[in-house]
Amino acid sequence: MSHEEPKDEVGAKLGMWLFLFTELLLFGGLFILYAVYLARYPHEFATAGHELNVAFGAGNTVVLLTSSLFAAMAVTAIKRGERGRALALLGGTLGCAMIFLAIKYLEWSAKIGHGIYPGSPKLAAGPPGESVFFGLYYLTTGLHGIHVLIGGVLLSWIGARVKGGSIHAGDNVALENGTLYWHLVDLVWIFIFPLYYLIL
Amino acid sequence: MSSVQTTTAAAGGFWRDSGKTGIGSWIFSTDHKRIGLLYLYSVLGFFLVGATLGLLLRLELMTPGRTIMGATTYNALFTVHGVVMIFLFIIPGIPASFGNLVMPIQIGARDVAFPRLNLLSWWLYAIGALVVLTALFTGGGAPDTGWTFYVPFSARTGTNVSVAVFGVFILGFSSILTGINFVTTIHRLRAEGMNWGRLPLFVWSLYATAWVQILATPIIAITLVLVIAERVLGTGLFDPGRGGDPIMFQHLFWIYSHPAVYIMILPAMGVVSEIIPVFSRKPIFGYKMIAFSSIAIAAAGSLVWGHHMYTSGMSDTAVMVFSFLTFIVAIPSAIKVFNWVSTLYRGSISLEAPMLFALSFVLLFSIGGLSGLILGAAATDVHVHDTHFVVGHFHYVMFGGTGFAFFGAAHYWLPKFYGRRYKEKPALIGWALMFVGFNVTYFTMQVLGIRGMPRRYYDYLPEFAPLNMVATVGSWILAAGLIIMIVNLWRGLFWGEPFQGNPWGGATLEWSVPTPPPTENFEEEPVVSHGPYDFKGAGVP
Amino acid sequence: MKTDNAEHIVDYRKLAAVWLALLALTTATVVVSRLELGAGKVWAALAIACLKSGLVIAFFMHMKYETRLFRIILFVALVTLAIFIGLTFFDVLYR
Amino acid sequence: MDNQLLTTTQAVDPVFLFIFAACLLLLIGITAAMVWFVIRYHRSRAPEPTSQAEGSLWLEIAWTALPTLLVLAMFYYGWSGYLTLRSVPPGALPITAVGRMWSWSFQYQNGKTSAKLYVPVGKPIQVNVESRDVLHGFYIPAFRIKRDAVPGMKNHVWFVATRPGSYDIFCSQYCGTSHSGMISTVEAIPADKFAAWLNEGPKGAPHPGLALLEKHGCLGCHSVDGSQKVGPTLKGVFGSKVPVTRGGKPSVVLADEAYLRESILAPTAAVVEGFPPIMPVTADLSEADLKVIVDYLKGLK
Ligand code: HEA
Ligand code: HEA
Ligand code: CUA
Ligand SMILES: [Cu+2]
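These figures come from a predicted structure and were not determined experimentally.

Attention now goes to the overall build of chain D. Scanning chain D from N- to C-terminus turns up 6 helices and 13 strands. Scaling as 2.2 N^0.38, a compact globule of 301 residues should have a C-alpha radius of gyration of about 19 Å, whereas chain D reaches 28 Å, well beyond that. With the C-alpha coordinates of chain D rotated into their principal frame, the extents come out at 90 × 55 × 30 Å. Out of the 301 residues in chain D, the part that is buried amounts to 47%. For chain D, the proportion of contacts with a sequence separation of at least 24, taken over those separated by at least 6, is 62%. In the structure as shown, chain D presents an accessible area of about 14200 Å², 64% of it carried by carbon and sulfur atoms.

So, in structure tokens, the structure goes:
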């Protein structure tokens, strides 16, 4: 590799988008199951859904949307060469991620405290549809939570590179791709929220 | 790998000029050619492992009752045989090895779009393979579920299913990354003049494959996670006692695993579309239709998964829809077969080893594909579903199809990358034995299936005994051919006659670079001025 | 090697406006879920969710400013998922 | 179709024939063309290609359209044959087939159960396929019928045996260690004999305990005559010294009544040496039945 290639930004973004599609379909598998079981157990899903706390869900929606806003602004900032502002905005995104996870933690521990977790005796004794609902709920939000974590780590690393100067106005695909990933996490939540917390 | 180092001392090109030596220069290399070879050897190694297991399966089935092993061993054996062959051999098989080796050169690129990601793919493959192997020897022992991992059985058997499934999960990511890399590479790195109408058909087929890898593989990933969740957390999403539906597992599994069969066959079709015109000295017949049908197979192939579930208790409406769509997907395959055959017409045909493999691909794939039509029709599938007819069908398409194309590709391209070649005569003998043994083994199995012998049967009724004996003997002929072929290839590539220039007269770009190709592939960025099968335009005699 | 890296910068005001719209739509979903719409609720909530993701994709993720290729492949991915769900329902609905 | 019943075999076999014939013709055509081209245009005979044709629109259209028509015909016949398999003739005799690891048990309307499927000749039978544990597949090759037994789901097949005889039943869906041992037969007997068999009391079975073993699927894994199956034979167990693994430690226990009860109620507590720990807990086993079984086992010398 003697001479350095010019960086192919479009190619890098193309690759990232393709990766996002795979993430989309990964969650897609869970949404297929959700759709099927919702069609089969509408009433059980309704009663089970009412046990989830809308305030937690709505709060987390706002937190994630805000984090996405910060992430998108960070891209604008870096492209305008405003490095300090970009860093601050990334910090905002990370802060939101932590709030999100904290809320998630409260929510899960409340549920588990009530004896609702996958394979719990309470669910096994209840109507079949509810066990399915909570099984899906834990898997989907759990997988989503893992993505929030990964996204957080990714953005921290990118933040460090912004600070170090290897990501700058002239070369910022890494930041753009990192935020793309973050927005995907947001997108998935946009569907989780109404489907699990609100429906019926 | 070290043997590779020493024995190719004569070869130059990318073998030498990376400046580094030792195993590190391979397993940490980002050169697509080195990664391709890494894949080639790993994949071939697992093929030999899987094939040996297949041989053992046949030995057990040679006579009714216990022949060489007990039921538990047999069940674990076909599961491992299936998992190794599908996830470790055939899915990465052609794209990750020959795709990596050849595709960037064919489009005039220096490397793939994301070389480091490419290396990561291989590492994930290696790690996934290791995890799968770990599953065999730890915990409750080798999984005994069949490669399909159907619940509820897979959720309750005491064997080490969770670890095996996790290994397959990792392998899935390896496959996805290869797909992402290839799509990006083909979109972004084509040389000047290499427009879509000039892409070699192998590249077209890899492009279609890559899309299937990207869009279908995540579904198996999540399905496997769900199996682990069933086992470890007891979620009960597929447990009928708690409102789950075991049929939904089958849907999710086949949403990936049917498209996966096109991940297996499309690159093989691409290989054949390269070899046939070169050895006929004639442009491929119907370039556009072959390219288009690759995309059509990839697209339509995503719609037919339900044909594995006709007897599962799925709704009759779904049986109708999936049966109909299954027949639609046969049409683009038919188009390809007819175009390949027409390419031969009025050509100047040379029957060297790669061509023999390519032509037998056409034949064996046709037999396998046509038997797929029996399976696609609802009434007939009910009878032969889960019998040895299905086993025969998929060995025809997978081994007779992809396997033969894989070996064809090895005879066609490897000399280019080694600068040495195998001997022609042993290659012919090996091929002939394989071809005969193959048909004896698998055609017999199809007859057995029609007679009603179910698959995954360790023991069978005496009425099936004679034919099983025939099939087993066939597998020995097959094994003999395979061993001759591999030994000949191996010997030839390291110690055989030198191989220089463009002896076969290919017009695609890989034949225009030095042998073996240098690390940078091209000394300067090529400008493409002729089509991939425009032999006159390329100055080939 | 292609050189079509036309860079587009979305200004802060536009991003903030999108954010406000997203918050408004979130409120709208909550409100809709409280209405008596029966099964229509699911569809209403899904429609709003699609609108929201459309906004995120178009502006936050810059899809509006990318080349056509990106939009085509996004479409392909979404259609694929829709087909997977749709064909499954041939079984689930008619069983 | 008035009186002459279309059997499942008669519905499926013509479809096989049609698709086979079409495929065979195509295959012969393709092979012949390939062989002919390879010989005729071999480089020794044709040193130079005599054509550089890159395609032909008309040919492409032809070999897209013709296969399309052909496969549509195949689809149509396949589908209509399948419909016959799915539409049970009115008045069919319902029998329930219960699959469990690894045996079939057939239950008749009058409560009688049997390990073989006795049916009257000439009368359509509707088999309701059920499973107690994992997936199984109810497969009778002679009648071309197959349907999976799915826990929690009702599936059915139908067939009619036009001639007296014995026909194989296989389990087609992989279900674990003894999947290949999960076979039985259809015994087609004349209607009057069938009626007599159906109403004959349990005197066919010498002991009610044996009937219970069969009903609960024990005989899928255990024999009562000393032969080895997936599980140890039950003959002579009582009173013998059994080497077992309990809590990971090997020991030898005397098979008394308490041990037999434990073996049945908590099969994994003490696992017999040399056997896999696969015996399931039988959920629907009443105390009364258990007592009968244990008494029966005591007498099995
Ligand atoms: C490389 C892999 C590969 C390929 C390419 C195919 C190709 C096809 N397969 Fe196969 N299949 C498998 C691998 C593959 N399959 C595997 C692994 C299984 C079993 C999995 C398991 O249960 O373990 C399976 C199982 C399977 C089943 C389920 C059987 C069952 O379990 O009951 C069905 C049913 O429809 C089917 C159909 C088809 C069809 C219609 C095609 C078509 O794509 C074939 C198209 C090709 C042709 C039609 C031949 C060429 C054309 C001509 C010669 C011209 C003339 C043609 C016409 C007029 C149409 N396959
Ligand atoms: C690419 C895929 C592929 C390939 C190439 C093969 C190759 C072979 N397979 Fe396999 N097979 C599958 C994929 C494949 N199989 C799958 C997916 C299943 C389903 C599993 C399931 O039900 O879950 C299956 C199932 C299957 C069965 C059915 C089991 C059952 O249902 O009961 C049988 C039985 O005969 C069989 C046999 C064979 C044989 C004899 C070969 C032969 O072609 C092998 C030829 C090779 C040799 C004869 C050996 C060569 C040996 C050497 C060269 C020795 C050198 C060795 C070393 C140096 C280590 N296979
Ligand atoms: Cu029961 Cu296989
Ligand atoms: Cu398929």
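After that view, the rundown keeps rolling.
All names here are of chain D. Taken as a whole, this structure holds 24 salt bridges over all chains when the rule is applied. We note a salt bridge from lysine 116 to glutamate 187, for which the minimum N-O separation is 3.8 Å. Here the residue lysine 116 occupies a position in the loop between strand E3 (113–114) and strand E4 (117–120), and glutamate 187 occupies one in strand E10 (residues 184–189), the gap between them amounting to 71 residues. By relative accessible area, lysine 116 is classed as partly exposed at 38%. Classification of glutamate 187 by relative accessible area gives buried; the value is 16%.

Another aspect to go through is the arrangement of the chains. Ranking the 5 pairs of chains in contact by number of contacts places chains B and D first. Separated in space, chain A and chain D share no contact, their closest pair of C-alpha atoms being 12 Å apart.

Turning our attention to the site of ligand 2. Residue and element names in this part refer to chain B. Near ligand 2 you find 33 residues, and of these Tyr74, His81, His395, Tyr442 and Arg456 are the closest. Arginine 455 has a polar side-chain atom sitting 3.2 Å from an oxygen atom of ligand 2. Separating an oxygen atom of ligand 2 from a backbone N or O atom of arginine 456 is a distance of 2.6 Å. Counting residues per element, the ones that place at least two in the shell around ligand 2 are helix H3 (32–61), helix H4 (71–106), helix H14 (388–418), helix H15 (424–451) and helix H16 (465–495).

Residues and elements named next belong to chain D. Buried residues dominate strand E6 (residues 136–140), accounting for 5 of its 5 residues. Of the two faces of E6, both are covered, the one formed by His136, Phe138 and Ile140 as well as the one formed by Gly137 and Tyr139. As judged from the 5 bridges shared by E6 and strand E7 (residues 145–149), these two strands associate in the antiparallel manner. Bridge pairing in E7 places isoleucine 140 opposite isoleucine 145. A loop of 4 residues connects E6 with E7, the two strands running antiparallel in sequence, and arginine 144 in this loop sits at a positive phi of about 60 degrees. The pairing of E6 with strand E9 (residues 165–171) spans 2 bridges and is antiparallel. Considered in E9, the bridge of tyrosine 139 is made with phenylalanine 170.

Below, the discussion takes up the interface of chain B and chain D. Taken together, the contact pairs 87 residues of chain B with 73 residues of chain D. Here chain B and chain D share an interface that buries about 6900 Å² over both sides, 69% of which is from carbon and sulfur atoms. For chain B, the biggest contributors to the area lost against chain D are Arg346, His383 and Tyr457 of chain B; these three give 9% of the whole. When the shortest N-O distance is used, the salt bridge between aspartate 316 of chain B and arginine 86 of chain D registers 3.1 Å. Taken together, chain B and chain D are joined by 25 residue pairs in polar contact (both at pLDDT 80 or more). Listing elements by their share of the side of chain B that touches chain D, those giving two or more residues are H4, helix H6 (153–156), helix H9 (246–280), helix H10 (287–300), helix H11 (316–344), helix H12 (353–376), helix H13 (378–384) and H15 of chain B. Per element, the largest residue contribution to the side of chain B that touches chain D is 15 residues, and it comes from H11 of chain B.

Running from amino to carboxyl end, H12 of chain B crosses helix H1 (residues 8–40) of chain D at an angle of 170 degrees, the nearest separation of the two axes being 10 Å. In terms of orientation, H12 of chain B and H1 of chain D fall into the roughly antiparallel class. In contact with Leu359, Val362, Leu363, Ser366, Ile367, Leu370, Leu373 and Ile374 of chain B of H12 of chain B, H1 of chain D contributes Phe16, Ile19, Phe20, Cys23, Leu26, Leu27, Thr31, Met34 and Val38 of chain D. Partitioning the contact of H12 of chain B with H1 of chain D into residue classes produces 15 nonpolar, 2 polar and no charged.

On to the site of ligand 1. Neighbouring ligand 1 are 34 residues; Tyr262, Asp381, His385, His393 and Arg455 of chain B lie closest to it. In this structure, ligand 1 sits where chains B and D come together, each supplying nearby residues. Within the side chain of histidine 307 of chain B, an N or O atom sits 3.2 Å from an oxygen atom of ligand 1. For ligand 1, an oxygen atom lies 3.2 Å from a polar atom in the backbone of leucine 375 of chain B. Elements that contribute at least two residues to the shell around ligand 1 include exactly H9, H11, H12 and H14 of chain B together with H1 and helix H2 (57–86) of chain D.

On to the packing of aromatic side chains, then. Applying the stated criterion across every chain, the model contains 93 aromatic pairs over all chains. Centroid distance phenylalanine 153 of chain B to tyrosine 174 of chain D: 5.5 Å. Interplanar angle 85 degrees. Geometry classified as edge-to-face. With phenylalanine 153 of chain B in helix H6 and tyrosine 174 of chain D in the loop between E9 and E10, this residue pair bridges two chains. The residues phenylalanine 153 of chain B and tyrosine 174 of chain D share a single accessibility class, namely buried. A ring pair is formed by phenylalanine 106 of chain D and phenylalanine 138 of chain D, whose centres lie 6.3 Å apart and whose planes are at 70 degrees; its orientation type is edge-to-face. Remark: phenylalanine 138 of chain D occurs in strand E6 and phenylalanine 106 of chain D occurs in strand E2 (residues 103–107); sequence separation between them is 32 residues. Assessed through its relative accessible area of 0%, phenylalanine 106 of chain D is described here as buried.

All names here are of chain B. For the iron atom of ligand 1, the sole protein-derived donor is His393 (NE2), lying 2.2 Å away. Here the copper ion (ligand 4) and the iron atom of ligand 1 are spaced 4.5 Å from one another. Here histidine 393 lies in helix H14.

A word on the sheet that holds E7 of chain D. Backbone-to-backbone hydrogen bonds join strands into a sheet, with any given pair of strands oriented parallel or antiparallel. All names here are of chain D. The strand order E4-E10-E9-E6-E7 describes an open sheet built from 5 strands, whose pairing is mixed. For this open sheet the edge positions go to E4 and E7, each flanked by a neighbour on one side alone. Geometrically, the sheet is characterised by an average inter-axis angle of 25 degrees between neighbouring strands, direction not taken into account.

Moving on to the nonpolar core. In this structure, Phe98 of chain B together with Leu117 and Phe138 of chain D are the most contacted members of the largest nonpolar core, which totals 379 residues. Core analysis: the second largest hydrophobic core is formed by 22 residues, Leu210, Tyr259, Ala270 and Ile293 of chain D among them.

All names here are of chain B. Taken together, His258 (ND1), His307 (NE2) and His308 (NE2) make up the full set of protein donors to the copper ion (ligand 4), lying 1.8 to 2.1 Å away. Linear spacing of the donor residues for the copper ion (ligand 4) on their chain is H-x48-H-H. Residue classification places histidine 258 among the buried positions, given a relative accessible area of 4%.

On to the packing of H15 of chain B against H16 of chain B, then. Residue and element names in this part refer to chain B. Relative orientation of the contacting elements H15 and H16 amounts to 155 degrees, with a least axis distance of 7 Å. Classed by the angle they form, the pair H15 and H16 counts as roughly antiparallel. When the axes of H15 and H16 are compared, the crossing they make is left-handed. Looking at the contact of H15 with H16, its residues break down into 20 nonpolar, 9 polar and 1 charged.

On to the sheet that holds strand E1 (residues 93–100) of chain D, then. All names here are of chain D. With mixed pairing, 5 strands are arranged side by side in an open sheet as E3-E2-E1-E5-E8. Bordering the open sheet on either side are E3 and strand E8 (155–159), each of which pairs with just one other strand. Relative to E3, E2 runs antiparallel, the two sharing 2 bridges. Paired with phenylalanine 106 across the two strands is serine 114, which belongs to E3.

Basis of the calculations
Residues numbered from 1 in each chain as written. Chains lettered and ligands numbered in written order. Predicted model: local features only at pLDDT ≥ 70, side-chain atom pairs only at ≥ 80, totals over all residues. Heavy atoms only, no water. Helix = DSSP H or I, 4+ residues; strand = E, 2+ residues; numbered from the N terminus. Rg over C-alpha atoms; globule rule 2.2 N^0.38 Å. Buried < 20%, exposed > 50% of the residue type's maximum accessible area, 1.4 Å probe, protein only. Contact = heavy atoms within 4.5 Å. Areas by Shrake-Rupley, 256 points an atom, 1.4 Å probe, with all protein chains shown as cover. Salt bridge = Lys/Arg side-chain N within 4 Å of Asp/Glu carboxyl O. Near = heavy atom within 4 Å. Polar contact = N/O pair within 3.5 Å; in protein donor to acceptor, adjacent residues only side chain to side chain. Pairing = 2+ DSSP bridges. Buried area = accessible area lost by both parts, 1.4 Å probe. Axes fitted to C-alpha atoms, helices over the stretch in contact; angles between N-to-C directions. Parallel < 35°, antiparallel > 145°, perpendicular 65-115°, else oblique. Nonpolar A, V, L, I, M, F, W, Y, C, P; charged D, E, K, R; others polar. Phe/Tyr/Trp six-rings, centres within 6.5 Å; stacked < 30°, edge-to-face > 60°. Donors = N, O, S within 2.8 Å, 3.2 Å for Na, K, Ca; no water. Core = buried A, V, L, I, M, F, W, Y, C linked by side-chain atoms within 4.5 Å. Left-handed = near helix turned anticlockwise from the far one by under 90°.

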